[in-house]
Amino acid sequence: MSGNWKDHLRDQLEDFVDALVVKGAKQSDVYEAIVQEIGNLRDAYDRDPDPAEDRPGAEAEEPSNEWPGALP
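Note that the coordinates shown come from a computational prediction; the quantities given were computed from them, not determined experimentally.

1. Section: the layout of surface pockets
Move 1: Its volume calculated, the largest pocket comes out at about 170 Å³.
Move 2: In terms of lining residues, the largest pocket is bounded by Arg-10, Leu-13, Glu-14, Val-17, Asp-18, Gln-27, Tyr-31, Ile-34 and Ile-38.
Move 3: Going through the elements one at a time, helix 1 (4-22) and helix 2 (27-47) are the ones with two or more residues in the lining of the largest pocket.
Move 4: Ranked by residues supplied to the lining of the largest pocket, first place goes to helix 1 with five residues.
Move 5: Class assignment of the residues belonging to the lining of the largest pocket gives a composition of five nonpolar, one polar and three charged.

2. What to know about a negative patch on the surface
Move 1: A surface patch of like charges, here negative, comprises Asp-7, Asp-11, Asp-15 and Asp-18.
Move 2: Positionally, Asp-18 belongs in helix 1.
Move 3: With a relative accessible area of 44%, Asp-18 lands in the partly exposed category.

3. Comments concerning the packing of helix 1 against helix 2
Move 1: With their axes 9 Å apart at the nearest point, helix 1 and helix 2 run at an angle of 130° to one another. Between helix 1 and helix 2, the angle falls in the class oblique. The handedness of the crossing between helix 1 and helix 2 comes out as right-handed. Every residue of helix 2 that contacts helix 1 at Phe-16, Val-17, Leu-20 and Val-21 is listed here: Gln-27, Val-30, Tyr-31 and Ile-34.

4. A closer look at the environment of Ile-34
Move 1: Position of Ile-34 among the secondary structure elements: in helix 2.
Move 2: Through-space distance from the C-alpha of Ile-34 to that of Val-17 is 9.3 Å; in sequence the pair is 17 residues apart.
Move 3: In this structure, Ile-34 is in contact with Phe-16 and Val-17, ignoring residues within four places of it in sequence.

Rules of the game
- Residues numbered from 1 in each chain as written.
- Predicted model: local features only at pLDDT ≥ 70, side-chain atom pairs only at ≥ 80, totals over all residues.
- Heavy atoms only, no water.
- 1 Å grid on protein atoms, 1.4 Å probe; cavity = no way out; pocket = protein on both sides within 12 Å on 5 of 7 lines; lining within 4 Å.
- Points joined across faces, edges and corners; volume = space filled by probe spheres on them.
- Helix = DSSP H or I, 4+ residues; strand = E, 2+ residues; numbered from the N terminus.
- Nonpolar A, V, L, I, M, F, W, Y, C, P; charged D, E, K, R; others polar.
- Patch = residues over 30% accessible without salt bridge, like charges linked within 9 Å, V, L, I, M, F, W, Y side chains within 5 Å.
- Areas by Shrake-Rupley, 256 points an atom, 1.4 Å probe, with all protein chains shown as cover.
- Salt bridge = Lys/Arg side-chain N within 4 Å of Asp/Glu carboxyl O.
- Lys, Arg positive; Asp, Glu negative; His and termini not counted.
- Charge placed at Lys NZ, Arg CZ, Asp CG, Glu CD.
- Buried < 20%, exposed > 50% of the residue type's maximum accessible area, 1.4 Å probe, protein only.
- Axes fitted to C-alpha atoms, helices over the stretch in contact; angles between N-to-C directions.
- Parallel < 35°, antiparallel > 145°, perpendicular 65-115°, else oblique.
- Left-handed = near helix turned anticlockwise from the far one by under 90°.
- Contact = heavy atoms within 4.5 Å.

Structure (structure tokens):
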């Protein structure tokens, strides 16, 4: 993977921050919240690097059609 993804990430972060600032948030508060959430994501990753593996077959689950409105 090339370094181009970092440029794309920066562009998306700038757009994200700008959207929140337009809605009334302070830019410095948005930056602080992003840094805090990244810390939370790192902590969650340290506890469980791949939470999808916790429930084998979870991706294959289908919603139940046994609710009253689904019956013929």
